[in-house]
Amino acid sequence: MFLFSKRNRIIKKAVAKTVAAFADRTPKIYQHFFYGAFDIAPQHLVVWYLFESDTEMETAKSSGYCDELKKATIRNLINLGYPQEAIGTHNISFTTKEDIDNKANGDYHLYFQ
């Protein structure tokens, strides 16, 4: 049985809590995930939030919604015990399913390389 690290569990809970808090907002978060060598060095965490279309992401950015998502994610990470000095807005990024489809023919692995 594979056990996830403490940091992995913190991140998973923090991101889930953030997504739940924004569930009634539009545009909807289409997908979310995280990765990085955060067990080696916590500053290497990357959290991605995806919107379905480029138009939705532009709306989210221009309305301040993306900034709110970043702040909520950071707050939740820190409140759950992630090292505060290792996290900042540079760790949280946004893209769209539309962009992945257009630039990488829908291949997430290729897109995020």
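Structural data are supplied above this passage.
Student: Quick one: what's the story with the nonpolar core, residue by residue and with numbers?
Tutor: The biggest cluster of nonpolar side chains holds 24 residues, and the ones touching the most others in it are Leu45, Tyr49, Phe51, Leu69, Leu77, Tyr82 and Phe94. Mapped by element, the contributors of at least two residues to this core are helix H1 (6–21), strand E2 (46–51), helix H2 (54–63), helix H3 (65–79) and strand E3 (92–96). The dominant element in this core, judged by the number of residues it contributes, is H3, at 6 residues.

Student: With reference to specific residues and values, describe the pairing of E3.
Tutor: Taken residue by residue, a regular strand's side chains alternate between the two faces of the sheet. Judged by how many residues are buried, E3 sits mostly within the fold: 4 of 5 residues are covered. One ladder, built from 5 bridges, connects E2 with E3; its direction is parallel. Note on E3: the bridge partner recorded for Val47 is Ile92.

Student: Explain H1 residue by residue, including any values.
Tutor: What sets the pattern is the α-helix's 3.6 residues per turn: residues three or four places apart point alike. The first and last C-alpha atoms of H1 sit 23 Å apart over 16 residues, in line with the 22 Å expected at 1.5 Å per residue. Those residues of H1 lying buried are Asn8, Ile10, Ile11, Ala14, Val15 and Thr18. All buried residues of H1 fall inside an arc of 160° around its axis, so they share one side. Turned more than 90 degrees from where H1 packs its buried face, Lys6, Lys12, Lys13 and Ala20 sit exposed.

Student: Go over helix H4 (residues 97–104) with me, naming the residues and quoting the values.
Tutor: Taken together, the buried positions of H4 are occupied by Lys97, Asp99, Ile100 and Ala104. Looking straight down H4, one finds its buried side chains confined to an arc of 160°; they lie on one side. Structurally, H4 contributes buried residues whose contacts are with E2, H2, E3 and helix H5 (108–111). In the stretch just after H4, Asn105 is the one whose phi turns positive, near 55°.

Student: Any chance you could break down the side chain of Ser53 for me, citing the residues and the numbers?
Tutor: Here Ser53 lies in the loop between E2 and H2. The exposure class of Ser53 is buried, given its relative accessible area of 19%. Engagement of the side chain of Ser53 in a polar contact is seen with the backbone nitrogen of Glu56, the distance being 3.0 Å. Excluding anything up to four places from it in sequence, Ser53 contacts Thr96 and Glu98.

Student: A description of the sheet that holds E3 should follow, citing residues and the corresponding values.
Tutor: Taken in spatial order, the 3 strands make up an open sheet running E1-E2-E3, and their pairing is mixed. Each edge of the open sheet carries a strand with a single partner, namely strand E1 (31–35) and E3. Within the sheet, the average angular offset between the axes of one strand and its neighbour, ignoring direction, is 20°. Contacting E1 and E2, H1 runs over the sheet at an angle of about 160° to E1. The sheet contacts of H3 involve E2 and E3, and relative to E3 the element is tilted by about 140°.

Criteria and cut-off values
Residues numbered from 1 in each chain as written. Predicted model: local features only at pLDDT ≥ 70, side-chain atom pairs only at ≥ 80, totals over all residues. Heavy atoms only, no water. Core = buried A, V, L, I, M, F, W, Y, C linked by side-chain atoms within 4.5 Å. Buried < 20%, exposed > 50% of the residue type's maximum accessible area, 1.4 Å probe, protein only. Helix = DSSP H or I, 4+ residues; strand = E, 2+ residues; numbered from the N terminus. Pairing = 2+ DSSP bridges. Expected span 1.5 Å × (residues − 1). Arc of directions from axis to C-beta. Contact = heavy atoms within 4.5 Å. Polar contact = N/O pair within 3.5 Å; in protein donor to acceptor, adjacent residues only side chain to side chain. Axes fitted to C-alpha atoms, helices over the stretch in contact; angles between N-to-C directions.

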